[in-house]
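Each chain is listed here by its residues.
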Amino acid sequence: MRSRPRRAPRTGLARARIPRRLLIMASLAALTVGHLAARPAFPDPALPVPSASHLAIADFNGDGIPDAAVSTYAPGGVVVALGQEDGTLATATSIPLEPGVLFVAAADLNRDSRQDLVLANVANDPFQPGDGATWVILGRGDGSFLPATRLTTGVRPKAVAMGDFDEDGNPDLASISTCSAGVDCPSGEVWISPGYGDGTFGPATGTPAGREPVYLVSGDFNEDGHVDLMVANTRAFYPEGPGDLSFLAGRGDGTFAPEQDVTEAVVAPHALAVGDFNADGHLDIAGIRHTGHSVSIYIGRGDGTFAWNFFPTGQDPTDVVVGDFNADGLQDVATSNNQSDDLAVLPGRGDGSFGEALRTDAANGPSGLGFADFDGDDRMDAVVANEVSETVLLLPGHSDGTFGTPTRPLDRFGSADSALADFDRDGHQDLLVSYGSQLGPPMGRMSFLRGLGDGSFGPEIPFAAETLRGPLRVADFDEDGIPDFAVGNLDTSEISIFLGLGDGSFGQERRVSVGPSPGHIAAGDLNGDGHVDLAVVNQGANYPVRLPADISLLLGRGDGTFALEVRFSGVSDVINTAIADFNGDGMGDLAATSESDLWDSVPGELNVFLSLGGGAFDAGRVMTAGKAVFGVVATDVNSDGRTDLVVNNRGVIQREWESGDLALFWPRRRLVRSGQPDRDRRISHLPGAGGCRPGRTDRSRLVQFRRGRLGSVRGR
C-alpha cells in the first residue's frame, strides 16, 4: 500500500516437405514449454501490443498514475495501457485506425484538462503513393476516448509536433509529410493545422521542408518569441547528402519562413528531442542516428544555428528522450536501441557533453521510449515499446541512470531446448537454453540465466556460439556434485559436454562423436557401473547419401569423459528415447519411440529394450503408440513405485494439423527380460492440449503390460 497520496505524474503454413528434424525439435520444444508452464518460471509483466512502434506517457484517467499510449503499425491504431497502483501497466482500450501508425503524442487539445491523442499514419507502403492521415482522438478523462477524427495533412505523415503557432492561445498541429505530389519529390512538407481550442482544427496548409523528413520538434530556437520548427531530413533515397536539420522560423501568425539547413550530419538523424544540455538558456537538440549507433547533440546558439557533436549509444537507436534520469539535476539523454535490444542513458555533465552510456536490457527490438514515475518512489521509470516481441515493458528506475530488468519470457528466435538445474549451488534453479537458429540473432548458441529463487531469472548470459545447438541433457558426468550438461550440435555429428564449475560457469567444451544430426539425448546408467551414460538419437540424413536414424550409446567413465560410441540400430526411424530400469536389475533399459511416416495415418510405435550390460540389449518388444508419436518420458505416473512411460502424439500432418494426444503407458507388472510376449491393452485415453489447429483426433493407443495375455480394447 502507498503511504502517501499520488502526485501528478512526472513524464520526461498445403502440404509441404518439412524437414524431419525440424518437426521433431518443434515437438520437443513444445513439450518443454508445457512442462515449464506448470510452474511459471517467468512472471510476465510484459504487456502484449502488436507491432508496437512509438509511445506517449500521460495520465489518461485522472488517477495521478502515469499511463501509456502505444501506436501500432499493423493492424494500425493505438493501445492505451493504464498505470496500476502496483507500478504495472494494464490494457484499458484498443482503438483501431488504419495500417501504418508510426507516431503518437499526448496533449490537452480542447482545454478541458483531459489528455487527448494525436497520431501519424504513414499508410501501409511508404514506397508507393498513398494518403495516410493525422488522427485526433479526444479523451474523456476516464481512460476512454471519443471516436477518432481524421485530418488531411499531406501524404504519409510520419510525426507531429504541437505548439501555438498563430499565438491565439489554442494548440496547433504541425505534421511532416513526404510530399503531396508522389514518391519522387524535390522536398518534403510541413503541414500546419490551426487549432480552434475545442479539439477541432482548420484546413491544413503546407510549407516545404527538406527531402525525406522523418521527425520534427517545436520550440523557440532563435529566441524571438515565436514558436519555430526543427525538421530531421534523411535524404534516404537521394545522392546529394547524408541528411540534415531544417530550421523553419515561426512568424507568430501560423506561417513560417523558408526552411534553412542549419547543420549537416554525418549520418542522417531519425528522431529528435529538445533540451538545454549546457544550462546556458538556449534550446539544444538530441538526434538519434540509426546507422551511426550514436546520438547527435546540437548545441543551440540562440539564433537558430547549432554546434554539433556526437556520442556513442546502442546499436540502431530508434527513439530519444531528454530528462534527468540519475537525479543529479543535469539533463541526460536516453535512447531505445533496436539491434542491441536495450535502452541507453547518456549521463549529462552539464556542459553539453555526456558520459559513457549506461545500458539496460529491454527485450527484443525496442522502438518507442518514455519515462515517468509509475510506482510512486520518486524515481523515473522507463516504458519501452518492442516492435519485434510486440510487447511493452515497464522498467523500474534506480535513480542512477540504470533500470531494473523485468522478469519476462525469454524473447529470442530459434530456441531449441531448455533445462533447469542449480548450476551455481545457491539453492535456486537456474535456466539453460540452447539455440538452433540459422537466421538469428542469436546465431546458434547457449544462454545461461541465473535463478533468483522467486521464480524469476537474472539477465541472459550468452556463451558457446560456435555451432547450431539442439537438445539438452543435464547430469553429473564427472561425479563432483555439480550439474553438467550435454548438448547436441545440429550441424555436426557430435554432441558437446560442458562440465559445471559450481558458480554458474562451465569448463572448456568437449566434443564427442555421434551419428548425424543428434536430435535427442537421454541420460542414465545403462551398464550398472554407477556412472552416467548417454543415449543420443541420431536423426540421420538424406543428402548427399541417405543415413537412417539410430541411437549412439556413450558409456560414461565417471570423470566427464565417455567411451567410444556404440551404435544401436534395434529400432528404425527412431525419434525419441528414455532410460530407466523397467525390470529392477539395476541397469538402465531403453524406451524409444519411432514413426515410419510423418505424413500418413500410420500408427507410431513404442519400443522397449532391456539392458544386458555393456551397451547390449535384448531383442525388445514393440507396442502401438498412436499416430505420429514423438516424445517419451519415463516416470512413476501413478505413484506405485514402478516406472511408467508417457508418450505424446503430435497428430498427422495432412492439409491441416490434427490435434495431438497424450498417451500413458502403465506397466501392471514389471517387464521381464525374456519369455512371455507382451501385448497391448487400451486402458484409458487423455486428450492432449496439442496447441494445433482443430482437426480429426488420433486417439492414441494406451498400453497396459500383462504377461502371457493378448488383447486390446478401444479406449474411451
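Computed from a predicted model, the values in this text were never measured in an experiment.

Draft legend 1. Structural detail: the packing of aromatic side chains. In this structure the tally under the stated criterion is 20 aromatic pairs. Aromatic side chains phenylalanine 485 and phenylalanine 506 sit 5.0 Å apart centroid to centroid with 85° between the ring planes, which places their arrangement in the edge-to-face category. Of this pair, phenylalanine 485 sits in strand β34 (residues 484-489) while phenylalanine 506 sits in the loop between β35 (494-498) and β36 (510-513), placing them 21 residues apart in sequence. The same class applies to phenylalanine 485 and to phenylalanine 506, which are both buried. By way of ring pairs, the aromatic residues Phe423, Phe448, Phe463, Phe485, Phe498 and Phe506 are connected into one cluster.

Draft legend 2. Representation of the sheet that holds strand β12 (residues 189-193) within the structure. Taken in spatial order, the four strands of this open sheet run β10-β11-β12-β13, and their pairing is antiparallel. Edge positions in the open sheet fall to β10 (159-163) and β13 (205-208), since each of these has one partner strand only. Ignoring which end each strand starts from, the neighbouring axes of this sheet average 25° apart. Two elements, strand β11 (residues 172-177) and β12, share five bridges in a ladder whose sense is antiparallel. Bridging from a neighbouring strand, leucine 173 pairs with serine 193 of β12.

Draft legend 3. Molecular detail of the pairing of strand β27 (residues 381-386). Burial analysis of β27 places six of its six residues in the buried class, the great majority of the element. The two faces of β27 match: Asp381, Val383 and Ala385 on one face and Ala382, Val384 and Asn386 on the other face are all buried. As judged from the six bridges shared by strand β26 (residues 366-372) and β27, these two strands associate in the antiparallel manner. Bridging from a neighbouring strand, leucine 369 pairs with valine 384 of β27. Pairing between β27 and strand β28 (residues 391-395): five bridges, direction antiparallel. Residue valine 384 lies in a different strand from β28, and its bridge partner there is leucine 393. Here β27 folds back onto β28 in antiparallel fashion, the turn holding four residues, of which glutamate 390 has a positive phi close to 55°.

Draft legend 4. Up close: the sheet that holds strand β3 (residues 67-72). Strand order across the open sheet formed by four strands is β2-β3-β4-β5, with antiparallel pairing between neighbours. Each having just a single partner strand, β2 (52-58) and β5 (89-96) make up the two edges of the open sheet. Put simply, the sheet's adjacent strands are angled 20° from each other on average, direction ignored. When β3 meets strand β4 (residues 77-83), the two strands line up antiparallel, connected through five bridges. Across the sheet, the residue bridging to valine 70 is valine 79, located in β4.

Draft legend 5. View of the nonpolar core. In this structure, Val190, Tyr215, Leu216, Leu229, Met230, Ile297 and Val333 are the most contacted members of the largest nonpolar core, which totals 56 residues. Those residues in contact with isoleucine 297 that sit more than four places away from it in its chain are Phe277, Ile285, Ala286, Ala307, Trp308, Asn309, Phe310, Phe311, Val333, Gly352 and Phe354.

Draft legend 6. Seen up close, the environment of aspartate 342. Mapped onto the elements, aspartate 342 comes out in strand β24 (residues 342-346). Among the polar contacts listed, one links the side chain of aspartate 342 to the side chain of serine 340, at a separation of 2.9 Å. A polar contact of 2.5 Å, which involves the side chain of aspartate 342, links it to the side chain of arginine 359.

Draft legend 7. Inspection of the environment of threonine 391 at higher detail. Among the secondary structure elements, threonine 391 is positioned in strand β28. Taking C-alpha positions, threonine 391 is 5.8 Å from alanine 46, a pair spaced 345 residues apart along the chain. When neighbours within four sequence positions are excluded, threonine 391 is seen to be in contact with Ala46, Leu47, Pro48, Val49, Ala52, Val384, Ala385 and Asn386. Of the polar contacts made by the side chain of threonine 391, one reaches the side chain of serine 389; its length is 3.0 Å.

Cut-offs used in this document
- Residues numbered from 1 in each chain as written.
- Predicted model: local features only at pLDDT ≥ 70, side-chain atom pairs only at ≥ 80, totals over all residues.
- Heavy atoms only, no water.
- Phe/Tyr/Trp six-rings, centres within 6.5 Å; stacked < 30°, edge-to-face > 60°.
- Helix = DSSP H or I, 4+ residues; strand = E, 2+ residues; numbered from the N terminus.
- Buried < 20%, exposed > 50% of the residue type's maximum accessible area, 1.4 Å probe, protein only.
- Pairing = 2+ DSSP bridges.
- Axes fitted to C-alpha atoms, helices over the stretch in contact; angles between N-to-C directions.
- Core = buried A, V, L, I, M, F, W, Y, C linked by side-chain atoms within 4.5 Å.
- Contact = heavy atoms within 4.5 Å.
- Polar contact = N/O pair within 3.5 Å; in protein donor to acceptor, adjacent residues only side chain to side chain.

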